[in-house]
Amino acid sequence: MRPLVITQNITADGAIEMLDDWFDPLAQDADMLEILQRDSDRCDALLLGRQTFEDFRGFWPEQTDDPTGITDELNTLEKYVVTATMTDPAWQHTQLLAGDPVGTVRELTASGGAEPTGKEISLTGSITLCHALISAGLVDEYRLWTYPYVQGRGRRLFPDGHREHLELLEHRAFDSGVTYTRLAPRKD
């Protein structure tokens with residue numbers, strides 16, 4: 001099985017939908033980049049919904065002076081896009097996934113066989129897809145970058161009514177006020 005990890009940028013009041021200008025993907029300090037690189041080394045595929053994929057495709061390939069290294073990573077990383085409408089991804093190393101997203105992602109995570117491959121599938125943005133996979137119990141870990149900003153509106157990471165006990169795996173705070181938290185669903 002391949003672990004499915006949700007990585008999200010989130011406001012202090014819990015919004016992951018970016019309606020204000022509280023996050024700049026190119027403005028990361030050295031300590032944050034160290035964690036981003038560590039997490040990237042654990043991942044060999046990116047899972048996105050169509051809208052987030054289109055946002056990424058419209059931004060990242062155009063970056064020519066990216067101090068984070070994310071552009072180079074995304075241009076070479078295997079990308080899976082859950083979509084019912086897209087027919088041509090127009091970005092190398094991209095596969096389109098049609099049909100039931102829960103069943104499709106369940107098959108994708110099982111593609112590593114019975115033993116963990118050590119390489120994760122990372123899901124970011126894609127709020128509707130996140131809600132479906134969280135509700136189906138397919139998420140192995142959450143990595144949350146919390147920004148010291150209150151947006152006062154916007155969709156949340158967890159679907160309304162979802163309840164789940166989580167175990168703290170790691171927590172870091174940065175001089176910028178951003179925190180990084182790794183959580184996993186409790187198995188008890």
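Rules of the game
- Residues numbered from 1 in each chain as written.
- Predicted model: local features only at pLDDT ≥ 70, side-chain atom pairs only at ≥ 80, totals over all residues.
- Heavy atoms only, no water.
- Core = buried A, V, L, I, M, F, W, Y, C linked by side-chain atoms within 4.5 Å.
- Buried < 20%, exposed > 50% of the residue type's maximum accessible area, 1.4 Å probe, protein only.
- Helix = DSSP H or I, 4+ residues; strand = E, 2+ residues; numbered from the N terminus.
- Contact = heavy atoms within 4.5 Å.
- Pairing = 2+ DSSP bridges.
- Phe/Tyr/Trp six-rings, centres within 6.5 Å; stacked < 30°, edge-to-face > 60°.
- Axes fitted to C-alpha atoms, helices over the stretch in contact; angles between N-to-C directions.
- 1 Å grid on protein atoms, 1.4 Å probe; cavity = no way out; pocket = protein on both sides within 12 Å on 5 of 7 lines; lining within 4 Å.
- Points joined across faces, edges and corners; volume = space filled by probe spheres on them.
- Nonpolar A, V, L, I, M, F, W, Y, C, P; charged D, E, K, R; others polar.
- pLDDT = per-residue confidence, 0-100.

**Comments concerning the nonpolar core**
(1) Moving on: Judged by nonpolar contacts, the single largest core of 25 residues is most densely connected at Leu4, Ile6, Leu47, Leu123, Leu133, Tyr142 and Leu157.
(2) Moving on: Elements supplying a minimum of two residues to this core: strand 1 (4–11), strand 2 (43–49), strand 3 (78–82), helix 4 (101–110), strand 5 (120–123), helix 5 (127–135) and strand 6 (141–147).
(3) Moving on: Among the elements that line this core, the one with the most residues is helix 5, at five residues.
(4) Moving on: Filtering out sequence-adjacent residues up to four positions away, Ile6 remains in contact with Leu123, Cys130, Ile134, Val139, Glu141, Tyr142, Arg143 and Leu157.
(5) Moving on: Core analysis: the next-biggest nonpolar cluster, separate from the first, contains 10 residues, Leu46, Leu48, Phe56 and Leu74 among them.

**Digging into the pairing of strand 7 (residues 166–173)**
On a regular strand, each side chain points to the face opposite its neighbour's, so the side chains alternate between the two faces of the sheet.
(1) Moving on: Where strand 7 and strand 8 (residues 179–185) come together, seven bridges link them in antiparallel fashion. The residue bridging Glu170 from the neighbouring strand is Arg182, located in strand 8.

**Thoughts on the packing of aromatic side chains**
(1) Moving on: In this structure the tally under the stated criterion is five aromatic pairs.
(2) Moving on: Ring geometry for Phe53 and Trp91: centres 5.7 Å apart, planes at 40 degrees, overall tilted. A residue pair is termed long-range when its members are at least 10 positions apart, and Phe53 in helix 2 (residues 50–59) and Trp91 in the loop between strand 3 and strand 4 (94–97) qualify at 38 residues.
(3) Moving on: Ring plane angle 20 degrees and centroid distance 5.9 Å describe the contact between Trp145 and Phe174, whose orientation is recorded as stacked.

**Quick look at the sheet that holds strand 6**
(1) Moving on: The sheet built from eight strands is open, its strands ordered 4-3-2-5-1-6-8-7 with mixed pairing. At either margin of the open sheet sits one strand with a lone partner, and together these are strand 4 and strand 7. Across the sheet, the axes of successive neighbouring strands diverge by a mean angle of 25 degrees, strand direction being ignored.
(2) Moving on: Of the strands in this sheet, strand 2, strand 5, strand 6, strand 7 and strand 8 touch helix 1 (residues 30–41), which is tilted by about 160 degrees from strand 6.
(3) Moving on: Along the sheet, helix 4 makes contact with strand 1, strand 2, strand 3, strand 4 and strand 5, crossing strand 3 at roughly 160 degrees.

**Points about the layout of surface pockets**
(1) Moving on: If you add up the space inside the largest pocket, you get close to 1400 Å³.
(2) Moving on: For the largest pocket, the lining is made up of 50 residues, of which Asn9, Thr52, Phe56, Thr124 and Gly125 are closest to its centre.
(3) Moving on: Where the lining of the largest pocket is concerned, the elements lending two or more residues are strand 1, helix 1, strand 2, helix 2, helix 3 (70–76), strand 5, helix 5 and strand 6.
(4) Moving on: Taken together, the residues of the lining of the largest pocket break down into 23 nonpolar, 18 polar and nine charged.
(5) Moving on: Estimates place the volume of the second largest pocket at around 200 Å³.
(6) Moving on: Forming the boundary of the second largest pocket are 14 residues, of which Met1, Gly137, Leu138, Val139 and Asp140 lie nearest the centre.
(7) Moving on: Of the residues in the lining of the second largest pocket, the class split is seven nonpolar, two polar and five charged.

**Re the environment of Val105**
(1) Moving on: Along the chain, Val105 falls in helix 4.
(2) Moving on: Residue classification places Val105 among the buried residues on the basis of a relative accessible area of 1%.
(3) Moving on: Sequence-wise, Val105 and Ala90 are 15 residues apart; in three dimensions their C-alpha atoms are separated by 22 Å.
(4) Moving on: Setting aside anything within four residues of it in sequence, one finds Val105 in contact with Leu4, Leu47, Val82, Leu133 and Leu138.

**Regarding the side chain of Ser122**
(1) Moving on: Tracing the sequence through the fold places Ser122 in strand 5.
(2) Moving on: With relative accessibility at 14%, the residue Ser122 sits in the buried group.
(3) Moving on: Excluding residues that lie within four positions of it along the chain, Ser122 makes contacts with Val5, Thr7, Cys43, Ala45, Leu46 and Leu47.

**Re the confidence of the model for the protein**
(1) Moving on: Of all residues in the protein, 95% attain a pLDDT of 70 or more, and the chain-wide mean is 88.
(2) Moving on: Across the protein, element-level confidence peaks in strand 7 with a mean pLDDT of 98 and bottoms out in helix 3 with 75.

**Concerning the environment of Pro89**
(1) Moving on: Along the chain, Pro89 falls in the loop between strand 3 and strand 4.
(2) Moving on: Linking Pro89 and Arg163, residues 74 residues apart in sequence, is a C-alpha distance of 35 Å.
(3) Moving on: Contact partners of Pro89, with chain neighbours within four places excluded, come to Phe53, Arg57, Thr94 and Leu96.

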